[in-house]
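Chain by chain, the residues:
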Amino acid sequence: MDPVLGSAGTALVGLMVTEAWTQARDGVVALWRRLRPADADAVGRDLDEARTELVEARDEGEAGADTERELAGEWQRRLLRVLRDDPSAVDELQRILDAARGALPPESAAGGVQLQAHATGNARIYQAGRDMRVQG
């Protein structure tokens, strides 16, 4: 499997909650319009619904991570199916995702979190860029 396809769903869903979402969405819809024109409008609506679902899940807390994984898997499968018809479109998808990520401020593109820890002896360190639950 092409490495782009291995992470495209995750990248697309990750962009749903960024300032670059509209650019990513429009690029994916344009790709669909070229490959499967009859489905392009429906894909645009589905992307909008997925974004709404993700934003609502994140607002609710813990469900956001599960929803994000589910949506990433769903879009991964959809992208695989449409790109199977035209493998050359993988490069186009990569350009769309790269351009959207490139439009983000540097701290957003890097995730905005920098973690560093130093431990000695029997110390324990727990770090997370987002939610963490530690049960002892």
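The paragraphs below set out a description of the structure included in this document. Here, residues in each chain are numbered from 1, in the same order as that chain's written sequence. Per-residue local features of the predicted model are confined to residues with pLDDT of at least 70, and side-chain atom pairs are confined, for both listing and counting, to 80 or more; whole-chain, interface and lining totals are unaffected and use all residues. As a rule here, side-chain values come from all non-hydrogen atoms in the structure, and water together with hydrogens is ignored.

**As for the overall build of the protein**
Secondary structure is summarised from DSSP: a helix means a run of H or I of at least four residues, a strand means a run of E of at least two, and numbering begins at the N terminus for each. From N to C terminus, the protein includes six helices and zero strands. Ordered by position from N to C terminus, the α and β elements of the protein give α-α-α-α-α-α. Going through the 136 residues of the protein one by one, you find that 33% of them count as buried. Pairs at least 24 residues apart make up 67% of the contacts formed inside the protein by residues separated by at least 6 positions. Carbon and sulfur atoms provide 46% of the accessible area of the protein, an area that totals close to 8600 Å². With a 1.4 Å probe rolled over the protein chains alone, any residue whose accessible area is under 20% of its type maximum counts as buried; one over 50% counts as exposed, and the rest are partly exposed. Whether two residues touch is decided by their heavy atoms; if any such pair falls within 4.5 Å, the residues are in contact. Note that accessible areas follow from Shrake-Rupley with a 1.4 Å probe, and for residues the cover is restricted to the protein chains shown.

**So, the pattern of salt bridges**
Salt bridges are identified by distance alone: a Lys or Arg side-chain nitrogen within 4 Å of an Asp or Glu carboxyl oxygen. Overall, the coordinates contain 11 salt bridges when judged by the stated rule. The salt bridge involving aspartate 26 is made with arginine 25; its shortest N-O contact spans 3.3 Å. We classify arginine 25 as buried; its relative accessible area is 19%. A salt bridge links aspartate 86 to arginine 34, with the shortest nitrogen-to-oxygen separation between them at 3.4 Å. Note that aspartate 86 is positioned in the loop between helix H4 (63-84) and helix H5 (89-102) and arginine 34 in helix H2 (residues 21-35), a separation of 52 residues in sequence. Judged by relative accessible area, which is 18%, aspartate 86 ranks as buried. What you see here is one network of salt bridges that share partners, running through Arg25, Asp26 and Asp48.

These results come straight from atomic positions and should not be treated as a statement about function.
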